[in-house]
Structure formats: C-alpha cells, structure tokens
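One-letter residues, chain by chain:
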Amino acid sequence: MFKLGLRSVLAHRLRFVLCTLAVTLGVAFAGGAMVFTDSLSTALKKNFAVSTADVTVTPASPIETGTDRPATFQIEVVDRIAAVPGVAAAIPQLLVSNVQILGPDGKPLENYGLTSFGAAWPRDPGAAPFKLVDGTAPWGGGQLALDESTASRAGYHVGDQVRIVTPTRAVTATLTATTTPVQAGAAAGAPLVSFDGATAQLLLLGKPGWTSVTVSLKPGSDPAAVSKAIADTIGDSVKVRTAQQVTTDGEHDLDNTFGGFGTVLLLFAGLALFVGGFLIVNTFAMVVAQRSRELAMLRAIGASRGQITGTVLAESVIIGFVGATLGLLVGIAVASGIRFGYELLDLRIPTASLQVTPTTIIACYLIGIGVTVAAAAPAARRAGKLPPVAAMRDDVHVPERSLLVRVLIGAFMLLMAVLFFGIGVGAGGLPGTVLITLGTGTAVLAIVMLNPLISRYVVRALMYPFGRKAPVTLGRRNAERNPRRTSATASALMISVGLISGLLVISASVKASIDKSVVDALGTAEILVTNDGTPSFGTEVGDRTAKVPGVQSVQRVRQQSGEIGSTNVQVTGVSDGTLAGPVTTTFDAGSAAALAAGQAILPRNLAKTLKLTVGKPFDLKTTNGTHRLTVGGVLAPNRQLNAIVVSLPTYATIGGSPSDNLLYVEVAKGNQVAEVRTGILDQLRKDYPTIEVRDQEAYAAVAREPVNGVLIAVGFLLAMAILIALLGIVNTLALGVVERTREIGLLRAIGMDRPQLSRMLRVESIAITLLGAFLGLAIGVAFAVAVQSAMVDDGLAVRDIPVLQLVIAVVLAIVFGVLAAVWPSRRAARLDVLQAIASE
C-alpha cells in the first residue's frame, strides 16, 4: 500500500507540490527558530561556564529589575565579604546598560538592536568578565576602554578621543585600551565601554555602588560552605551563588531570552501550518472523491478498509516527510543567514557551529508529518468506507457524514463565543481582552464548523451584483455545489483576512487614541524633550534647557519599576507644578496637592485593580526595599501619567535614579515655539546627539511609530498566511478542473468558448474569495471593536474603523482571487474537447 501511495503522489505532481510547499513553510520557521536559538544559546552557555567566578554575590533586589537601573551595594559590604573565612579575594564589579557610544562623526553607533553597556575596570583583571586585548587599563575621568568589535566598527584606535553619553552625563575621554566583549550574562557580546572604578560609579550610577562581587576562594575551600558563611555574615540583602548556581541561572535566563525570539518564529510556523492544514484537508478530500472508483476497485479485489485508509495516509506521510525535510533545510539556511548577518555587521556575539540537534530534527519531522497526516485523516477514513460493489457503478460517491452533528457543535461554540464577548466587554481591561480573544478563537472554529451550511446562501448573496449571465451563474453554482470544499478553501482566507482587518481596526484605534490622549493630556507644555537612544538621560540636559532664552519653566519626569503585591507597576516622579499646567489632569478623587505631602496618586485602572481609594496605605517595592505610601488621589485615564505618581523628593526616597526620562518645557509669552526649540537643540546637539526636542504634534507622531512598526512586522506574517490561502484556492480550482473534465468538455461542445470558460472559473474563484473575505472581515472587526470597548480605561479610548483600508483589503482579496484562477483557467481552456468528453 505504501508503494501505491508513492505512485499516486508521483502521478499527481501538482497537488504534491502545493501541499509540500505549505508544510515546508511552516516547518522552516519552526526549524529555523530551534537551530538558531540552540546555536547561540549553546555558544553563550559555554562562555558562561568558563567565565564564572567561584562565588558571585549580588544585591537581593525586592523586585525583578533590568540592568539599566540595577540594585547596588556599598564598598563596606565588599570588605565584609573579603573577611569571611575561605575567601581569597572579593572583587567588586559594576555593569550598567544604556550607555551611548558616539562615532567620530558625533552620531551614535548603530548597534543593530543590542544594548550598550558600561563597566568598571576591576581591581583584579583576572576576575573581569572581559579581557584586555591591547593598550593599558583606563584611569581617571579622562580615559576609557572599548571592546575591540565596537572600536573596529567605529574606526577608533588607542589614543583617539571618544565621546560617550552615560545615564548621568556626556563625557569625552581618551581611548587607552581595547577589550574582548563581555563573555557571559545579559551583556554577552554587546558593545562595552569601561572606566576605572571611581569614574564608572560617578558616570554610570551618579553615586557610589557596585552591582556584584566576584569571590575567589582559597585552595581547599568548599564553595557551598563559604557561600553559606557569606550569606550568614551579610544577611538577606545579598544573593550568594556558587559557580554552578550562576551557570544554571544564566542558562535559564538565556533560554528565556532566546525563547522569546524562538516563540515569534514558532508563531509564524503555527499560523503557516494551521492555514496550510485547510489546503491539505481540501486536497485529500478532492483526491479521494476523484479516485473513489479506483479505491472501490481495490476493495473489490481484496483490499481491506484499513489498507485503503493506509494508502491515503501513506500519501500524506510522503508529503509530510518531504515537506519536513525541505523545511528543516530551509530553517538551517535561515539560521545560517542570521548568524552570517551578525558576523557581517562585525557584532562579536559568541558563536559556535550550527547546532542541529536530534531534538530539532525529530521535532521538525513530527510537526511536518503529524500535521499532514492529521489533515488527511478524515479523507482517509471516508475512503476506507467505500463498498467494493461501488466499483461496478459509474457514479461512485465517497460517503460523507451528515452535517447535523457538525452544525450543532458549531452553533454551541458560536453561543459560547457570544458569551465570551459579552463577559469580556463587561470585565474590561486585560482580563476582558483575554476573554474576548478566547471568544474570537471559539468564533473562528464555530464559523469553520457552520461554513458548509451557510456558505451556499452567503455566496449567492455576495455574487448577486455580478449578474446572471451563463459563465457567472455556472461559476457561482460550482462554488455552491460542494459546500464542504468551498468552506474549507474559504476558511484559510477567512483567518488571514480576519487577522488583517482586526489589526487594521485596532491600530487605527490606537493611533486615534494616542492623538486624543496627547491633545487632552498636554496642557501648557509646548515642547517635550526625550532621548531617542536610551530611556533616561542626565540632569544636565534639564539644567541646560532651562538656561535657553525663551524657556519659562522645565518640569522633570523620572520613572522606575516597582511592585505592589504581585502586580508590576511603573512609578513616576514629577517636579512641583507638573500637574498644574504642563500636563492636564482630571481627578476622580483627591488632588495634586497630595504630592507635596509625600502621598501617591494612582491612575483609575490601577486603583480599581488593587482596590485602593484615597486615604488607604499600600506597600510599594522598589530596588532598594519596601516603602509604605498613602493614596492621595485617583487620576482619570491619562496617557502621560499612567503610573503611580509621586513628587521628586518622594521618588528619591524610594530609591529612584536622579536621571530624567522626559522634560516638559513651557515657552515664555512672546516667544515662538519653533525658535525656542531650535535654541534647545543648539544647546544640546553637540554633547547629546540622541536627545529629541519636539512640539506636541511631533511628539504625538513619534508615539504612533511603534504601532507602525508592529504593523510592518505582523504584515509579513499575514502576507505569508494569505499566500498559503491563495495556494489553497489555486489547488481547489486546479483539482476541480481535473474532477470536472468531462463536464468542461460538454460545456465546450455545446458552444461555450474559451474566454467564457475562463470567466466561469474566475467567478468561482471570486466567489470563494469573497466568502472568505466577508467572514474574515466580520470576525476581525467584531474582535477589534470588542477589544476597544474593553480597553477604554486602559488607553484605547477612541474607536476608529478605517473603512477605506478595509475596502482596499477586500478589493485586493478579490484581485488575488482573480489571479489565483489564471493558471487553472488556462489549463481548462487547453483541454481537448473530444478527449474531455470521453474521460470518466
């Protein structure tokens, strides 16, 4: 039976190629994700294990924090660690992110998505996570070191003057050394600038402090015993780990880091395989229908039901195997291309040979073969039910199950989807959005189940404007005659169009909400100063801005992360008077006067989630401990202040960094905003080239840019899904031509010419396309409208349905539907009339 399945595959190359292509695309993304992440993770883990100290001590931050504002401890802690029995040396380390390295032209170096780090040159170079390559260690505020990759890309050599922008200030120093990149941790392979210890603390933190201590043990000392002694000596303020523990934690962090990248590629793979599954289901259903007499003949000469089913499944196994093989090879090529791209850009990320593990190979074949076999299984089961006597009849039909059970299940799922939507809109916020998303997925499955029942009537209604001429009527009836096939083909396009339409509505609503929030929130602040390179910048920027002629006032905004219970929050510190003009605020309860009393102002959504009201205390965790604050006001939705708001003195008390994140600038009366903006740029451009000075309109435009970025990223995903959906339409039409060869011959014999035949197939393609586009449009818009309704208090206050863009999407779907019919119609037109009539 396997040989029979192989011969069938080789005899029908068209369906083999189309089905294999769908499987290949899905497996390629899955294989590429696994190969690339395994390769990079393995290389970094090797370096991690090699570079780990005997014992590492880090501050025990109450919250999870990034490396831009890490928790620190003072030098006395290092001295106490050094005094612990068994410790040979305790070397303090400092590593901070968000350092900008400027090129000789004064512009920031392009890091291709990597974060630049600043470090302190350790007392013992042997304990450093990087090694000296050339030159001498930096000393004093006028010297620094760069990693050799960054120095090479920028064209710097030892002795050159290098400009750096740190989280606290801008400096120009002499390059005295080049180093290897950091070999482990979050900074592995990233651009690195190093200063001597005292200078690094001043420039990177703005205060004394260290981010870790590497401990070397005396010969014969037990790492576990010494670690326990250090923990007992210092207390709960530090986290003590042996080399093995650091390696294990580092590998876990690396898996999480690359897991995010791999997840994105796996989402591409999942969508490709899901949409491709409809193509495979349809293909095998049509193949079994076309070969029904052949399969019945096999039953008549002794083949069992299981053997017939096995023959069809053998075809699917062959297609899945070939598709998985090609997908794995393409995935390896993609991973090689990504690695080559990093090397071409001279980014010295630790690399190793490509890791094509047995797990990856097995996973690719399981995915490819599994999806294909699962999609072909329904048709294979129906083929096995053909009775042997059917071989003696001219009209053989594969038995199909009644639609009753399918319709009942679909109706129940549709009811559940409506309930999910209703509850989600009522719940609001993130929980409501999750319910709405779950409801949308349920609705999609419900429509897929109900589609064979409703497709005939929907197609008839959608095709009514096209008239009643013979080719149009025949094309429409061809789409109606097999509702299962039509609905399966249209479902793939429905999912793609649904994603596109939902994304268009949500993105348009987000942009409209951003515009409204900026207009509503920004009051007298005509100019806003932000940093394009890193989230924060030194206080010197605000000091210089305040001295520019025409500037009336400068209000500072600072931000850090925090936690209230298990809820992650953002904490914002603002200058006195920020809420009295530069930012327009509306209070549900309390007032801005509470800031001066050391109290906090909470946004409405957060207060509702935490069940906090004015006068109630709460515990806020930050990097330097837990702090008791009191709610002094509840703020109506405000995009500029969607965080816990405190005064700058309170912000400093709870451990906030002195660096600013945003400046609100008010222009004095009688001055032109454009002239003042130019003056601020002139004052800052030389030392802070990444500082952005914008008016309100430009600020709103920048706030919309992430939405555009998401659209571009997701656009590729959806384009791939549409491509597979169109392959399904081509496949359906092409196999339909084979199935209706005799019918086409008879139509030609009674007078239908080639243009009319081509038009008939185009109409059928348009009917399928419109069905999928219409259903997808309805689902996508319903999902987006429900999400916007649930997120009104969470920044999505405006609903904007871009009718023109949605119409364009549907028109493009129709155009693609016409293009999908070109090749099948040409194939049908070339059929010999007499041979077509004589075919069975």
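Computed from a predicted model, the values in this text were never measured in an experiment.

*Asks:* Help me out: how do you make sense of the overall build of the chain in this one?
*Replies:* Helix and strand counts for the chain stand at 24 helices and 22 strands. By the burial criterion, 51% of the 840 residues in the chain qualify as buried. Within the chain, contacts between residues separated by at least 24 positions form 82% of all contacts whose residues are at least 6 apart in sequence. Looking at the chain as shown, the accessible area adds up to about 36500 Å², and 61% of this sits on carbon and sulfur atoms.

*Asks:* What's the story with the packing of helix H15 (residues 539–546) against helix H18 (residues 673–684) in this structure? I'm lost.
*Replies:* Packed helices, taken two at a time, are described by their axes: the angle between them and the distance between them. Relative to each other, H15 and H18 sit at 135°, their axes nearing to 9 Å. Viewed along their axes, H15 and H18 adopt a mutual orientation that is oblique. Remark: the crossing between H15 and H18 carries right-handed chirality. Contacts from Val541, Arg544 and Thr545 of H15 reach H18 at Ile680, Gln683 and Leu684. Tallied by class, residues from the contact of H15 with H18 come to 3 nonpolar, 2 polar and 1 charged.

*Asks:* How should I be thinking about the environment of Gly656 in this particular structure?
*Replies:* Position of Gly656 among the secondary structure elements: in the loop between helix H17 (648–653) and strand E21 (662–667). For the pair Gly656 and Asn624, spaced 32 residues apart in sequence, the C-alpha separation works out to 8.8 Å. With residues up to four places along the chain from it excluded, the contact list for Gly656 reads Gln560 and Tyr651.

*Asks:* Sorry, what's going on with the sheet that holds strand E2 (residues 87–93) here?
*Replies:* Paired through backbone hydrogen bonds, the strands of a sheet run either parallel or antiparallel to each other. Spatial strand order, E2-E11-E1-E12: 4 strands in an open sheet with antiparallel pairing. At either margin of the open sheet sits one strand with a lone partner, and together these are E2 and strand E12 (238–242). Neighbouring strand axes in the sheet, compared pairwise and without regard to direction, differ in orientation by 20° on average. In this sheet, strand E11 (residues 212–217) lies alongside E2 in antiparallel orientation, the contact comprising 6 bridges.

*Asks:* So what exactly am I meant to see when it comes to the pattern of salt bridges here?
*Replies:* Where charged atoms from two side chains of opposite charge come close, those side chains can pair. A complete count under the given rule lists 12 salt bridges for this structure. The residue Asp660 makes a salt bridge to Arg556 at a minimum N-O spacing of 2.6 Å. Of this pair, Asp660 sits in the loop between H17 and E21 while Arg556 sits in strand E14 (residues 551–564); the two residues are 104 residues apart in sequence, bridging distant segments of the chain. Close ionic contact of Arg604 with Asp588 constitutes a salt bridge, the shortest N to O distance being 2.7 Å. Highlighted residues: Arg604 in helix H16 (residues 604–610) and Asp588 in strand E16 (residues 587–590), separated in sequence by 16 residues. A relative accessible area of 42% places Asp588 in the partly exposed class. Connected through shared salt-bridge partners, Asp543, Arg556, Arg558 and Asp660 make up one network.

*Asks:* Got a minute to help me understand helix H5 (residues 197–205) in this structure?
*Replies:* Structurally, the α-helix is built with 3.6 residues per turn, so residues lying three or four positions apart point the same way. Along H5, 7 of the 9 residues are buried, which leaves the element largely enclosed by surrounding structure. Among the residues of H5, those classed as buried are Gly197, Thr199, Ala200, Gln201, Leu203, Leu204 and Leu205. Buried residues in H5 make contact with strand E3 (95–97), strand E5 (117–121), strand E9 (170–179) and strand E10 (192–196). Two residues or fewer past H5, Gly206 is found with a positive phi of approximately 80°.

*Asks:* Quick question: what am I supposed to make of helix H23 (residues 822–829) here?
*Replies:* Of all the residues in H23, the buried ones are Pro824, Ser825, Ala828 and Ala829. Each buried residue of H23 sits inside an arc of 135° when the element is viewed along its axis, so together they form one side.

*Asks:* So what exactly am I meant to see when it comes to the side chain of Ser575 here?
*Replies:* Structurally, Ser575 can be placed in the loop between strand E15 (567–574) and E16. Polar side-chain contacts of Ser575 include one of 2.8 Å to the backbone nitrogen of Arg556. Excluding residues within four positions of it along the chain, Ser575 makes contact with Gln555, Arg556 and Leu648.

*Asks:* Hey, could you run me through unusual backbone geometry in this one?
*Replies:* Within the chain, Lys611 stands out as a residue other than glycine whose phi angle is a positive 55°. Secondary-structure assignment places Lys611 in the loop between H16 and strand E18 (617–622). Look at Lys611 and you get exposed, because its relative accessible area is 67%.

*Asks:* Any chance you could explain the nonpolar core here in plain terms?
*Replies:* Buried together is how nonpolar side chains tend to be arranged in soluble globular proteins. Grouped together as the largest cluster of nonpolar side chains are 40 residues, with contacts concentrated most on Val57, Ile81, Leu144, Leu146, Ile164, Val215 and Ile230. Considering every element that reaches this core, the biggest residue donor is H5, with 4 residues. Not counting residues within four places of it along the chain, the set of residues in contact with Leu146 comprises Ile101, Ala151, Tyr156, Val162, Leu175, Ala177, Thr178, Thr179, Leu192 and Val193. Core analysis: the next-biggest nonpolar cluster, separate from the first, contains 30 residues, Ile768, Leu770, Ala773 and Ile779 among them.

*Asks:* What's the story with the side chain of Thr442 in this structure? I'm lost.
*Replies:* If you trace the backbone, Thr442 turns up in helix H12 (residues 429–462). Residue classification places Thr442 among the buried residues on the basis of a relative accessible area of 13%. Within polar-contact distance, the side chain of Thr442 engages the backbone oxygen of Leu438 at 2.9 Å. Once residues lying within four places of it in the same chain are set aside, the contact partners of Thr442 are Met413, Met416, Ala417 and Phe420.

*Asks:* Can you walk me through the environment of Leu430 in this structure?
*Replies:* Position of Leu430 among the secondary structure elements: in helix H12. By relative accessible area, Leu430 is classed as exposed at 61%. Along the primary structure Leu430 and Met791 are separated by 361 residues, whereas in three dimensions their C-alpha atoms are 7.6 Å apart.

*Asks:* Any chance you could explain the pairing of E21 here in plain terms?
*Replies:* In summary, the side chains of a regular strand alternate between the two faces of the sheet. Burial of E21 is extensive: 6 of the 6 residues sit out of reach of the surface. Residues Leu662, Tyr664 and Glu666 point to one face of E21 and Leu663, Val665 and Val667 to the other, with burial holding for every one of them. Where strand E13 (residues 527–531) meets E21, 3 bridges bridge the pair, whose relative direction is antiparallel. Bridging from a neighbouring strand, Val529 pairs with Leu663 of E21. Judged from the 6 bridges that link them, E14 and E21 form a sheet pairing that is antiparallel. Each bridged residue has a counterpart across the sheet, and for Gln555 the counterpart in E21 is Tyr664.

*Asks:* Can you walk me through a nonpolar patch on the surface in this structure?
*Replies:* There is a patch of nonpolar side chains on the surface, built from Ile801, Val803, Leu804, Val807, Ile808, Val811, Leu812, Val815, Phe816, Leu819 and Val822 and spanning about 940 Å² of accessible area. The element best represented in the nonpolar patch is helix H22 (residues 803–820), accounting for 9 residues. The class for Ile808 is partly exposed, based on a relative accessible area of 43%.

Calculation notes
- Per chain, the residues get numbers from 1 upward, laid out in the order the sequence is written.
- Local features in this predicted model are restricted to residues of pLDDT 70 or higher, and side-chain atom pairs are both shown and tallied only at a pLDDT of 80 or more, whereas totals for entire chains, interfaces and linings draw on every residue.
- The basis for the side-chain values is all heavy atoms of the structure; hydrogens and waters are excluded.
- Runs of E in the DSSP output that reach at least two residues are strands. Runs of H or I that reach at least four are helices, and both are numbered from the N terminus.
- We call a residue buried when its accessible area falls under 20% of the maximum for its residue type, exposed when it is over 50%, and partly exposed in between, using a 1.4 Å probe and counting protein chains only.
- In this analysis, two residues are considered to be in contact whenever any of their non-hydrogen atoms come within 4.5 Å of each other.
- Here the Shrake-Rupley method, with its probe set to 1.4 Å, supplies the accessible areas, and only the displayed protein chains count as covering residues.
- Helix axes are fitted to C-alpha atoms over the stretch in contact, other axes to C-alpha atoms as well, and angles between N-to-C directions run from 0 to 180 degrees.
- Small angles under 35 degrees read as roughly parallel and large ones over 145 as roughly antiparallel, with 65 to 115 read as roughly perpendicular and the rest as oblique.
- In this scheme, a crossing is called left-handed if the near helix is turned counterclockwise away from the far one by less than a right angle; it is called right-handed if the turn is clockwise.
- Lys, Arg, Asp and Glu make up the charged group, whereas Ala, Val, Leu, Ile, Met, Phe, Trp, Tyr, Cys and Pro make up the nonpolar group; the residues left over, Gly among them, are polar.
- If DSSP finds at least two bridges between two strands, the strands pair.
- Salt bridges are defined as contacts in which a side-chain nitrogen from Lys or Arg sits within 4 Å of a carboxyl oxygen from Asp or Glu.
- Each C-beta atom gives one direction from the helix axis, and the arc is the one those directions make.
- Nitrogen and oxygen atoms within 3.5 Å of one another constitute a polar contact, given that in protein one can donate a hydrogen and the other can accept it, and given that sequence-neighbouring residues count only through two side-chain atoms.
- The criterion is simple. A nonpolar core is a set of buried Ala, Val, Leu, Ile, Met, Phe, Trp, Tyr and Cys residues joined through side-chain atoms within 4.5 Å.
- In this scheme, patches are assembled from residues that exceed 30% relative accessible area and form no salt bridge. Like charges are connected within 9 Å, while nonpolar side chains (Val, Leu, Ile, Met, Phe, Trp, Tyr) are connected within 5 Å.

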